[in-house]
Structure formats: structure tokens, C-alpha cells
Amino acid sequence: MTPKTEAELAEVIAGTQGPICVRGGGTRPGGHVEAETVLQTAALSGITLYEPGALTLVVQAGTPLQDIEKQLTDEKQRLAFEPIDYRGLMGTSGQSTIGGVMATNTSGPRRIQAGAARDFALGVRFVDGTGTVLKNGGRVMKNVTGYDLVKLLCGSWGTLGVLSEVSLKVQPIPDTSACILINGLTNQQAVDAMSKALGSPFEVTGAAHAPEGVDGHPVTMLRIEGFEKSVSYRAAQLKDLFGAYDVSIETTPEKLSAGWKWVRDVELMHGLSGDVWRISCKPSDGPELAARLKADKTLFDWGGGLIWALLPERTDARARLGEFAGHATRVRGAPLTNIPMFHPEPAALATLSKSLRLKFDPHGYLNPGIMD
């Protein structure tokens, strides 16, 4: 099913007689969804409104992410939350869509400074599980009254409704950027260094650590962005701050872009067999959790608050981690009944989540099984 308009989308959902798998550009397999019928949203495509001066964008949910980024780049603007391109990690083709990005709340390295995808959503239009068209929010930032469905839909993985249109706040592209590279740190030293940098007044917009970098050695990356003189000053200050280590500063635009794309898209794990897990935790817990995982490959992002881990197939990362303050999501791997994709929720939260899904999708037709 490939509806071309919001009205067609509503008609399709209202007339469905069973579970459906909601799919955007097909960059993520739908194996965790217990449905054979696929609802493709890619035909709901196009930029409805773009006002560069107001930093606002209204776009249909099936619009390819690369089309949006090209349009924004032409106006020297960007999506501040830096969404990951999952194709290399998942071994898929297709194109990421903005609806898929917002439905999964996909956010990259800049999240620690700018915020998550949901923080840039101004409004949404969507169709719930009964075929009813709903809208919430608008085209400007304002106080929210009633239910903030904009935030609720972002990260709901299509279980509450199928997005048809999204309104977004965008951001100017800074004049320049630089990356402070610290070589040879242990995981604990790297997390301490990233925490120190993020707590400094130098406005770090990316903090990542690879125990095995592109050259095979540990590297810690700190990104700063802004006006040229400001970036130059802050880079020098950060270099001095970590003067006890092997520190260098990278300013070549092409290398900076490639380096942070390497982090954003988890290129360290491209083409390698095994299951990929995403662990969200307190940065201070990161080194100990990584030690418990005993992963084949690891990558720290968000100052140590996000750990990407490559484990042997069918390995339960949660069993290795034990109890911890955070959650572990199984991003890549064959569906397994005993290892759900998402971290089990506390009883009270699980009850609330189930109640919300029943309210918006009383028949349980939208992406069933994915949140279980």
C-alpha cells in the first residue's frame, strides 16, 4: 500500500483489516514488526513550506532526508540534530525519510549540545490507528497547552500513528569548525576528558571516543563550531586544557566532515557480522559497562552517554550488562523472541505505554510487536 495523499493514507488505515508494517524509505528492516502487509509512506513526499528567514520547514513525511538536506544546504542551513544514515550499519538500501527520522527520534553526535530530533519538531500531522487525521503544534515555537503530541509521536516508532507531515525548526550552518583529537586514552580517561570538555565554557558540539579509531589506535574527538576567530580561540584553549596528552587540532573541512560522519553512522561496524546494540547510560558508567559487554567493537558518543557495541550474533547484551541506570536497544540482528528490540520498561511505564497505544490504535494494527 502506497498512499499518495494524507486523505488516501487515512482511507487505507481506516479500511485495514489486520496488522500493517509502516515503512518509510526502507533503510531499516521491518523484521521486528509482526505484520506481512506493508504501508509505504515514500509517496507522501515534498516540501510544503520553507522559510529560511524564519528558520522553519514544513515537509511531508515521506520526503527523502537527502532532498531536505540539499535544500537546506543551498540556504546555508541544516538539521541541527544530525540524523544518522543507517544504511551502512544495517546493510540496506533505499533512502531515509524525514518521517522515519522523526518516528524513531534519530539523533546524532550534536544531540549533546543542540538536542534531539523531537526538540526541533514544531508540529505534526498524522493518521491514528482508526484512520482519523490529527494535528498538533504549528510552525513556530510556543507554549504547549494540552497534550504535546509532537513530542509523543517522535520516538513512537509508528505505533501511535503514521506521520503525514512534519514542521521543523532548522539551524544556520556555522562559519567554521574544528576538532580536537586526543590520542591514546583509555575508555575511562576518554570519558573523563569528554566530561571535562563538555563542562568547560568552550561550547563543545560533539564528544566521541573510539577505542579503535580509523588508524587502529584509540582516539577521542571534541568538536567546536562557530565564527572563525571564536573557534580558533576555543580550539587553542581546549588543546591547552589537555596539554598532558597527545593532542592535535584538525580544521580541514573535508576531514572534519568525514570524521564526524564516521562517528554519526557508526562506520566502525559497517560490513562486519554480528549484532549491533545501542546502550544509553550515564557517561560516568560508560567505561564499566563497556568492560562488562566485552564487545568485539565499541564506540562512545554523546560524551560517553551512548555506547555502540558489536556483539556475536544472538548475544543478549542485557544479560552481560546486568542492572544499570539506562537502557540497551538491539539495533541490528535477527528477530528473537527471547531478546526484544527495546529494553523492558518498568511495570508502571509499560502500563502507561500500553494505554497510550490502545488509545491511538485500539485495534493494535500499527507496527505490532515492535515495542514488545
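If you're wondering where the values come from, they're calculated on a predicted model, not measured in any experiment. (Residues numbered from 1 in each chain as written. Predicted model: local features only at pLDDT ≥ 70, side-chain atom pairs only at ≥ 80, totals over all residues. Heavy atoms only, no water.)

1. Points about the overall build of the protein
Then comes step 1: Along its length, the protein carries 12 helices and 17 strands.
Then comes step 2: In summary, the protein has a C-alpha radius of gyration of 21 Å against a globular reference of 21 Å for 372 residues, a match within 12%.
Then comes step 3: Relative to its full complement of 372 residues, the protein shows a buried share of 49%.
Then comes step 4: Just so you have it, the protein exposes about 16900 Å², and 51% of that area is on carbon and sulfur atoms.
Then comes step 5: Charge centroids of the protein, computed over 37 positive and 40 negative side chains, lie 2 Å from each other. (Helix = DSSP H or I, 4+ residues; strand = E, 2+ residues; numbered from the N terminus. Rg over C-alpha atoms; globule rule 2.2 N^0.38 Å. Buried < 20%, exposed > 50% of the residue type's maximum accessible area, 1.4 Å probe, protein only. Areas by Shrake-Rupley, 256 points an atom, 1.4 Å probe, with all protein chains shown as cover. Lys, Arg positive; Asp, Glu negative; His and termini not counted. Charge placed at Lys NZ, Arg CZ, Asp CG, Glu CD.)

2. Some thoughts on the nonpolar core
Then comes step 1: If you look at the biggest cluster of nonpolar residues, it comprises 35 residues, and the most contacted ones within it are Ile-180, Ile-182, Leu-222, Ile-224, Leu-238, Phe-242 and Ile-279.
Then comes step 2: Top contributing element to this core by residue count: helix α7 (residues 187–198), with five residues.
Then comes step 3: Residues in contact with Ile-279, not counting those within four places in the same chain, are Leu-289, Leu-293, Gly-305, Leu-306, Ile-307, Ala-309, Leu-321, Phe-324, His-327 and Ala-328.
Then comes step 4: In terms of nonpolar packing, the next biggest core, distinct from the first, is built from 29 residues, Leu-57, Ala-80, Ile-98 and Ala-121 among them. (Core = buried A, V, L, I, M, F, W, Y, C linked by side-chain atoms within 4.5 Å. Contact = heavy atoms within 4.5 Å.)

3. What about helix α10 (residues 286–293)?
Then comes step 1: Along α10, the residues classified as buried are Gly-286, Pro-287, Leu-289, Ala-290 and Leu-293. On an axial view of α10, the arc spanned by its buried residues comes to 165 degrees, and they lie on one face.
Then comes step 2: Contacts from the buried residues of α10 go to α7, β14 (275–281), β15 (297–301), β16 (306–311) and α11 (317–321).
Then comes step 3: Two residues or fewer past α10, Lys-294 is found with a positive phi of approximately 50 degrees. (Arc of directions from axis to C-beta.)

4. Quick notes on the environment of Val-59
Then comes step 1: Note on placement: Val-59 falls in strand β4 (residues 56–60).
Then comes step 2: Judged by relative accessible area, Val-59 falls into the buried class, the value being 0%.
Then comes step 3: Counting along the chain gives 22 residues from Val-59 to Thr-37, while the straight-line C-alpha distance between them is 26 Å.
Then comes step 4: Beyond its immediate stretch of four places on either side in the chain, Val-59 contacts Gly-46, Ile-47, Thr-48, Ile-68, Ile-98, Glu-165 and Val-166.

5. Points about the sheet that holds strand β6 (residues 121–127)
Then comes step 1: Overall, antiparallel pairing links the five strands, which are arranged β3-β4-β8-β6-β7 in an open sheet. Of all the strands in the sheet, the pair left with one neighbour each is β3 (47–51) and β7 (133–137). This sheet shows a mean twist of 10 degrees between the axes of neighbouring strands, independent of strand direction.
Then comes step 2: In terms of strand pairing, β3 meets β4 through four bridges, oriented antiparallel. Residue Glu-51 lies in a different strand from β4, and its bridge partner there is Thr-56. (Pairing = 2+ DSSP bridges. Axes fitted to C-alpha atoms, helices over the stretch in contact; angles between N-to-C directions.)

6. Some remarks on the packing of aromatic side chains
Then comes step 1: Going through the model one piece at a time under the given rule, you end up with three aromatic pairs.
Then comes step 2: Geometrically, the ring pair formed by Phe-81 and Phe-120 is tilted, given 5.9 Å between the ring centres and 40 degrees between the ring planes. In this pair, Phe-81 is assigned in the loop between β5 (77–78) and α3 (87–90) and Phe-120 in the loop between α5 (111–114) and β6, connecting sequence segments 39 residues apart. The same class applies to Phe-81 as to Phe-120, namely buried.
Then comes step 3: Relative to Phe-342, the ring of Trp-157 lies with its centre 5.2 Å away and its plane at 80 degrees, an arrangement referred to as edge-to-face. Note that Trp-157 is positioned in the loop between α6 (149–153) and β8 (162–169) and Phe-342 in the loop between β17 (326–332) and α12 (347–360), a separation of 185 residues in sequence.
Then comes step 4: Judged by relative accessible area, which is 14%, Trp-157 ranks as buried.
Then comes step 5: We note Arg-111 situated over the ring of Trp-302; from NZ or CZ to the ring centre the distance is 4.8 Å.
Then comes step 6: The ring centre of Trp-260 lies 4.5 Å from the NZ or CZ of Arg-223, which sits over that ring. (Phe/Tyr/Trp six-rings, centres within 6.5 Å; stacked < 30°, edge-to-face > 60°. Lys NZ or Arg CZ within 6 Å of the ring centre and 35° of its normal.)

7. Re the pattern of salt bridges
Then comes step 1: Throughout the structure, instances matching the rule amount to 15 salt bridges.
Then comes step 2: Note that Arg-110 and Glu-82 form a salt bridge whose closest N and O atoms lie 3.6 Å from each other. One end of the pair, Arg-110, is in the loop between α4 (98–103) and α5; the other, Glu-82, is in the loop between β5 and α3, and 28 residues separate them in sequence.
Then comes step 3: Its relative accessible area of 10% is what places Glu-82 among the buried residues. (Salt bridge = Lys/Arg side-chain N within 4 Å of Asp/Glu carboxyl O.)

8. Details of the side chain of Thr-329
Then comes step 1: Counting through the fold element by element, Thr-329 comes out in strand β17.
Then comes step 2: We classify Thr-329 as buried; its relative accessible area is 9%.
Then comes step 3: When sequence neighbours within four positions are dropped, the list of residues in contact with Thr-329 reads Val-276, Trp-277, Arg-278, Arg-318, Met-341 and Phe-342.

9. Some remarks on unusual backbone geometry
Then comes step 1: A positive phi angle is found at Trp-157, which is not glycine, with a value near 55 degrees.
Then comes step 2: Backbone geometry at Glu-203 places phi at a positive 55 degrees, although glycine is not the residue there.
Then comes step 3: Of the residues examined, Glu-203 reaches a relative accessible area of 52% and is grouped as exposed.

10. Topic: the pairing of β8
Then comes step 1: Counting buried residues in β8 gives seven out of eight residues, a clear majority hidden from the surface.
Then comes step 2: Pairing analysis gives five bridges linking β4 to β8, with the strands arranged antiparallel. For Leu-57, the partnering residue across the bridge sits in β8 and is Leu-168.

11. Points about the confidence of the model for the protein
Then comes step 1: Considering every residue of the protein, the mean pLDDT works out to 92; 96% of them sit at 70 or more.
Then comes step 2: Counted against residues more than four places away or in other chains, residues 141–146, with its pLDDT under 50, gives two contacts. (pLDDT = per-residue confidence, 0-100.)

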